[in-house]
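# Examination of the molecular architecture
For reference, the chains in residue letters:
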Amino acid sequence: MQTKDGKPYTIPDDLLKAIRETYPKIDVDAELKKAALWLMASPSRRKTRSGMPRFLVSWMNRAAPSGIGETPPASRNGPQTSRALDEILALELHRKQHPEEYTSLAAIFDARIGQGTAR
């Protein structure tokens, strides 16, 4: 792997061991090859020597199956985001089950816009 300054980076043994232990269900060697190829193909986005461990851990997090070394997408921004998504899905389901309610609301809203009273 190449760093930002073009010098090769060798992964320290303790970091490699920790990665292998943390991500037992992924092919670490294959992912390291992919990361190295990405760095080679993206010279402007290469990492510094000190930033390389974080880059590799982030790479492994994205490669890991959900639930292994990674936070599930719905909870990345906390429970509020998950609740908001649940509410949106519930409203969408209700709209599909009761389209007449939403048609009449739209008509009322359109009428108010025409009168300039919608807020």
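A few points on the structure.

Conventions used here
Residues numbered from 1 in each chain as written. Predicted model: local features only at pLDDT ≥ 70, side-chain atom pairs only at ≥ 80, totals over all residues. Heavy atoms only, no water. Helix = DSSP H or I, 4+ residues; strand = E, 2+ residues; numbered from the N terminus. Buried < 20%, exposed > 50% of the residue type's maximum accessible area, 1.4 Å probe, protein only. Contact = heavy atoms within 4.5 Å. Core = buried A, V, L, I, M, F, W, Y, C linked by side-chain atoms within 4.5 Å. Axes fitted to C-alpha atoms, helices over the stretch in contact; angles between N-to-C directions. Parallel < 35°, antiparallel > 145°, perpendicular 65-115°, else oblique. Left-handed = near helix turned anticlockwise from the far one by under 90°. Phe/Tyr/Trp six-rings, centres within 6.5 Å; stacked < 30°, edge-to-face > 60°. Salt bridge = Lys/Arg side-chain N within 4 Å of Asp/Glu carboxyl O. Expected span 1.5 Å × (residues − 1). Arc of directions from axis to C-beta.

## Things to note about the overall build of the protein chain
Check the secondary structure of the protein chain and you find five helices and zero strands. The N-to-C order of helical and strand elements in the protein chain reads α-α-α-α-α. Counting over 119 residues, the protein chain shows a buried share of 19%. Counting contacts in the protein chain only where the partners sit at least 6 residues apart, residues at least 24 apart contribute 57% of the total.

## Notes on the nonpolar core
Formed by 16 residues in total, the largest nonpolar core has its most connected members in Ile-19, Phe-55, Leu-56 and Met-60. Of all the elements, helix α3 (residues 52-63) adds the most residues to this core, at five residues.

## Some thoughts on the packing of helix α2 (residues 28-41) against α3
Contact geometry for α2 and α3: axes closest at 10 Å, N-to-C directions at 120°. The pairing of α2 with α3 is recorded here as oblique in orientation. Relative to α3, the crossing made by α2 is right-handed. Facing α2, whose interface residues are Val-28, Glu-31, Leu-32, Lys-34, Ala-35, Trp-38 and Leu-39, α3 presents Met-52, Phe-55, Leu-56, Trp-59, Met-60 and Ala-63.

## Section: the packing of aromatic side chains
Counting across every chain of the model gives three aromatic pairs. Ring-pair connections join several aromatic residues into one group, and the members of that group are Trp-38, Phe-55 and Trp-59.

## Quick notes on the pattern of salt bridges
Where side chains of opposite charge bring their charged atoms close, a pairing between them can arise. Going through the model one piece at a time under the given rule, you end up with three salt bridges. For the salt bridge of Glu-21 with Lys-17, the shortest nitrogen-to-oxygen distance reads 3.9 Å. Taken together, the positions of Glu-21 and Lys-17, both in helix α1 (residues 13-22) and four residues apart, correspond to about one turn of that helix. Each member of the pair, Glu-21 together with Lys-17, is exposed. Between Glu-31 and Lys-34 there is a salt bridge, with the nearest N and O atoms lying 3.0 Å from each other. Residue Glu-31 and its partner Lys-34 are located together in helix α2, separated by three residues, close to a single helical turn. The class for Glu-31 is buried, based on a relative accessible area of 12%. Residue Lys-34 is classed as partly exposed on the basis of its relative accessible area, which comes to 47%.

## Topic: α3
Taking 1.5 Å of rise per residue, the 12 residues of α3 would be expected to cover 16 Å, and the 16 Å separating its terminal C-alpha atoms lies within 8% of that figure. Every buried residue of α3 is listed here: Met-52, Phe-55, Leu-56, Trp-59 and Met-60. All buried residues of α3 fall inside an arc of 135° around its axis, so they share one side. Residues of α3 that are exposed and point more than 90 degrees away from the buried face comprise Arg-54 and Arg-62. Buried residues along α3 sit in contact with α1 and α2.

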